[in-house]
Amino acid sequence: MSVWKTYIDTHEDLLYEYGYCGYIVSEDKEAARPYVARFRKHVESRKGKLPKGHYEMYMSAVYVFELRLKESIHPIKAMSLAKEATKLAPTDPMVLTYYGTSLFYAPKPFGSKQEALEWFERAETYFRAPKWQYCWLREANQMYIQQCKEKLKKQ
């Protein structure tokens, strides 16, 4: 993770900031605070400039990270933004995977492994396009498909 940290310390890349914040929030909450604040600032500064659905997706992630840091409590807002992103970008695999992830981790009644699996599988069809070949989210999506199937088998 030190390479990832060095990269986002020297570049402004929302996708990599999103991924790193997800990791660091679970590992070291104090170290995560400045990264989450910076991620929020970067997302807000790009409102109206991102591909359809991406602003909503990233703001949803900001709310989730802040919730995990106990800096704000907006789980319904986070889920609402994630769902709105899928309406704005119904064929964008990043957005579809993000919504699946939201459903995967959300507690019932908000979350559902079965519904998450459906979103991950929908995203997988779009991730087949050559432009996504080397995107880390493509592999993460495959991992989530397997995890959903395993968890659903155990039920």
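Structure: see above.
Residues numbered from 1 in each chain as written. Predicted model: local features only at pLDDT ≥ 70, side-chain atom pairs only at ≥ 80, totals over all residues. Heavy atoms only, no water.

### Comments concerning the overall build of the protein
Point 1. Along the backbone of the protein there are 8 helices and 0 strands.
Point 2. Mapped in sequence order, the helices and strands of the protein form the string α-α-α-α-α-α-α-α.
Point 3. In terms of overall dimensions, the protein is globule-like: its C-alpha atoms have a radius of gyration of 15 Å, near the 15 Å expected for 155 residues.
Point 4. If you line up the protein on its principal axes, its C-alpha atoms span 40 × 35 × 30 Å.
Point 5. Here the protein holds 155 residues, and the buried ones make up 45% of them.
Point 6. Considering only contacts within the protein whose residues lie at least 6 apart along the sequence, 54% involve residues at least 24 apart.
Point 7. For the protein, the exposed area adds up to about 8800 Å²; of that, 54% sits on carbon and sulfur atoms.
Point 8. For the protein, the centre of its 25 positive side-chain charges and the centre of its 19 negative side-chain charges are spaced 4 Å apart. (Helix = DSSP H or I, 4+ residues; strand = E, 2+ residues; numbered from the N terminus. Rg over C-alpha atoms; globule rule 2.2 N^0.38 Å. Buried < 20%, exposed > 50% of the residue type's maximum accessible area, 1.4 Å probe, protein only. Contact = heavy atoms within 4.5 Å. Areas by Shrake-Rupley, 256 points an atom, 1.4 Å probe, with all protein chains shown as cover. Lys, Arg positive; Asp, Glu negative; His and termini not counted. Charge placed at Lys NZ, Arg CZ, Asp CG, Glu CD.)

### As for the packing of helix H1 (residues 2-10) against helix H2 (residues 14-27)
Point 1. It is the contact of H1 with H2, at a shortest axis distance of 10 Å, that shows an interaxial angle of 135°. Classified by the interaxial angle, the pair formed by H1 and H2 is oblique. Pair H1 / H2 crosses with left-handed handedness. On H2, the residues that touch Trp 4, Lys 5, Tyr 7 and Ile 8 of H1 are Tyr 16, Glu 17, Gly 19 and Tyr 20.
Point 2. Residues of the contact of H1 with H2, tallied by class, amount to 5 nonpolar, 1 polar and 2 charged. (Axes fitted to C-alpha atoms, helices over the stretch in contact; angles between N-to-C directions. Parallel < 35°, antiparallel > 145°, perpendicular 65-115°, else oblique. Left-handed = near helix turned anticlockwise from the far one by under 90°. Nonpolar A, V, L, I, M, F, W, Y, C, P; charged D, E, K, R; others polar.)

### A look at helix H4 (residues 54-68)
Point 1. Helix length check: H4, at 15 residues, gives a terminal C-alpha distance of 21 Å against a target of 21 Å (1.5 Å per residue), a fit within 8%.
Point 2. Residues His 54, Tyr 55, Glu 56, Met 57, Tyr 58, Met 59, Ser 60, Ala 61, Val 62, Tyr 63, Phe 65 and Glu 66 constitute the buried set of H4.
Point 3. Where H4 is buried, its residues meet H2, helix H3 (29-45), helix H5 (75-88) and helix H6 (93-105).
Point 4. Lys 70 sits one or two residues past H4 and shows a positive phi near 60°. (Expected span 1.5 Å × (residues − 1).)

### Digging into the pattern of salt bridges
Point 1. According to the stated counting rule, one finds 8 salt bridges in the structure shown.
Point 2. Between Glu 30 and Arg 33 there is a salt bridge, with the nearest N and O atoms lying 3.0 Å from each other. With Glu 30 and Arg 33 both in helix H3, this residue pair falls 3 residues apart, about one helical turn.
Point 3. On the accessibility criterion, Glu 30 (54% relative accessible area) is exposed.
Point 4. With a closest N to O distance of 2.7 Å, Glu 66 and Arg 40 form a salt bridge. Residue Glu 66 is found in helix H4, and its partner Arg 40 is found in helix H3; the two are separated by 26 residues along the sequence. (Salt bridge = Lys/Arg side-chain N within 4 Å of Asp/Glu carboxyl O.)

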